[in-house]
Amino acid sequence: MTRPDGELSPPFEVIEPAAWRAPIIFNSPHSGSVYPHEFLTASRIDLAALRRSEDSFMDELIGGLSARGFPIIRVNFPRSYVDVNREPYELDPRMFSGRLPSFANTRSMRVAGGLGTIPRVVGDGQEIYRERLSVNDALGRIEALYKPYHRALRRLINKAHQAFGAVILVDCHSMPSIGISRDEPRRPDVVIGDRYGTSCASRLPDTVEQTMAGLGYSVGRNKPYAGGFITEHYGNPASGLHTIQLELNRAIYMDERRRERGPRFAQVVADFAALADALAEIPLTDLGPFQAAAE
C-alpha cells in the first residue's frame, strides 16, 4: 500500500510557534482527508461514505493557534485508513488473510465494533473493504504512519515537559450532531472527555466548561465520549502530563450533509482561540503535583 513518501507526504504536520506561550499542545488526529488511490480502489463504499468518519475542518479550527504561541499537530491521512487514536495493534482477525502477530489486541471493544487501528467500518457502520487485507499491509501502515505520528507527538510532549515541568495536551475531535441510537439524548455543543477525572487535573475541564458556557455553548462531560487511546495513554496527572479530549458538535460549524463550512465557522475559530487563552492563564502550580522544569 501507499507509503508516506507518495500520496501521503507529509502524513502529519507539527507546527510549532516561534516562542511557546504555554505548554499546551493542540492535536487533531482525525481530520485527515488525503485518501490514497489504492485505498479508494479497495473500498466497497465511495469517498463520501468514507468521509463520514472524518472530523472535518477540525485542523482548520485550531490551525491559527500556532500564531498565538501554541504548537499544533494534525494528521493528513484519514482515520478510516489508520486510526492513531487506538492502541498500535488493535486489529480484527476477520479483516485479514494470514495470521496476526501474537501481541495484537484482537478482543477490545473497539475491535468488536469494527473501529480498530485499521478500521473495518466507517462511523455509521458500513463495511469498508471488498476483500480481506494482507497482514503485511496492516503492519506496514502501522510502521509507516501510526508509529511516526506517535513518536512526533511524544517528542512534542517531552519538549514541553522539559521546558515547563508540565504539559496540557488538548485532543480535538468533532462528533455527529445526532447519535446512531434514537434513545440517545440531544448532544451538547461540546463534550469534554477526561476519562472520568483520571487523565488531567480537574482545573482543566472546569476551565473549558466555564469558558465555553460563557461563550454560549452547551457543555457535557464524558458522555457519549470520555476520551480514547490518546487521552488515556498520555494523560498522567501525577507526572504533570494532562490530557483532555474535546468533541465539538459538527452542526455548530459545518453543514454535515454537504460537508461545507457553516456560517458560524469564523466565530468558532475565534472561540477556540479564547479557550486557548483561558487555558494559558491557568497557573501550572494549580494543576497539582508540579515537577520543576529542567535547567
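Just so it is clear, the model here is predicted, and its values are computed rather than measured.

Attention shifts here to the overall build of the protein chain. Each helix and strand counted, the protein chain has nine helices and eleven strands in total. Taking 295 residues into account, the globule formula puts the C-alpha radius of gyration at 19 Å, and the protein chain, at 19 Å, falls close to it. Considered along the principal axes of its C-alpha atoms, the protein chain spans approximately 55 × 45 × 35 Å. Out of the 295 residues belonging to the protein chain, those deemed buried represent 56%.

Among the nonpolar cores identified, the biggest contains 44 residues, and Ile25, Phe96, Ile118, Tyr149 and Ile157 are the most heavily contacted of them. Only helix 2 (47-50), strand 3 (72-75), helix 5 (135-164), strand 6 (167-175) and helix 7 (229-234) provide two or more residues apiece to this core. Leave out the neighbours within four places in its chain, and isoleucine 118 touches Tyr81, Val82, Glu90, Leu91, Met95, Phe96, Tyr129, Leu133, Ala138 and Arg141. Core analysis: the next-biggest nonpolar cluster, separate from the first, contains 38 residues, Ile24, Cys172, Val190 and Ala273 among them.

Turning to the sheet that holds strand 2 (residues 24-28), a few remarks are in order. Pairing is mixed in the open sheet, where seven strands are placed in the order 1-3-2-6-9-7-8. The open sheet has two edge strands with one neighbour each: strand 1 (12-15) and strand 8 (219-221). Between one strand and the next, the sheet's axes are offset by a mean angle of 20°, whatever the strand orientation. Pairing of strand 1 with strand 3, which is carried by four bridges, proceeds in the antiparallel orientation. Pairing of phenylalanine 12 across the sheet is with valine 75, part of strand 3. Strands in contact with helix 6 (residues 203-214) are strand 6, strand 7 (190-193), strand 8 and strand 9 (241-249); relative to strand 8, the strand with the most contacts, it is inclined by about 160°.

Okay, the side chain of aspartate 271 next. Here aspartate 271 shows up in helix 9 (residues 265-280). Of the side chains with opposite charge, arginine 264 lies nearest to the buried aspartate 271, which makes no salt bridge, at 5.4 Å. Residues within four places of aspartate 271 in sequence aside, it is in contact with Leu215 and Tyr217.

Attention now goes to the pattern of salt bridges. Applying the stated criterion across every chain yields a total of 20 salt bridges. Here arginine 120 ties to glutamate 127 by a salt bridge, and the two come within 2.7 Å at their closest N and O atoms. With a relative accessible area of 15%, arginine 120 lands in the buried category. Look at the salt bridges and you will find they share partners, linking Asp92, Arg94, Arg120 and Glu127 into a network.

Here the structure, examined in full by the defined rule, presents nine aromatic pairs. Here the aromatic rings of phenylalanine 57 and phenylalanine 265 are separated by 6.1 Å at their centres, their planes lie at 85°, and the arrangement is edge-to-face. Linking phenylalanine 57 in the loop between helix 2 and helix 3 (58-63) with phenylalanine 265 in helix 9, this pair joins segments that are 208 residues apart in sequence. Judged by relative accessible area, phenylalanine 265 falls into the buried class, the value being 11%. If you follow arginine 261 out to its NZ or CZ, it ends over the ring of phenylalanine 265, 5.9 Å from the centre.

Moving on to helix 5. Along its 30 residues, helix 5 runs 42 Å from first to last C-alpha, staying within 8% of the 44 Å computed at 1.5 Å per residue. Most pronounced at isoleucine 142, the bend in helix 5 amounts to some 35°. Looking at the residues trailing helix 5, positive phi occurs at glycine 165, about 85°.

Here the protein chain shows a mean pLDDT of 93. Residues at 70 or above account for 95%. Note that pLDDT drops below 50 for residues 1-5; the model gives that stretch 18 contacts with residues more than four away or on any other chain.

What counts and what doesn't
Residues numbered from 1 in each chain as written. Predicted model: local features only at pLDDT ≥ 70, side-chain atom pairs only at ≥ 80, totals over all residues. Heavy atoms only, no water. Helix = DSSP H or I, 4+ residues; strand = E, 2+ residues; numbered from the N terminus. Rg over C-alpha atoms; globule rule 2.2 N^0.38 Å. Buried < 20%, exposed > 50% of the residue type's maximum accessible area, 1.4 Å probe, protein only. Core = buried A, V, L, I, M, F, W, Y, C linked by side-chain atoms within 4.5 Å. Contact = heavy atoms within 4.5 Å. Pairing = 2+ DSSP bridges. Axes fitted to C-alpha atoms, helices over the stretch in contact; angles between N-to-C directions. Lys, Arg positive; Asp, Glu negative; His and termini not counted. Salt bridge = Lys/Arg side-chain N within 4 Å of Asp/Glu carboxyl O. Phe/Tyr/Trp six-rings, centres within 6.5 Å; stacked < 30°, edge-to-face > 60°. Lys NZ or Arg CZ within 6 Å of the ring centre and 35° of its normal. Expected span 1.5 Å × (residues − 1). Bend = angle between axes of the 7 residues up to and from the residue. pLDDT = per-residue confidence, 0-100.

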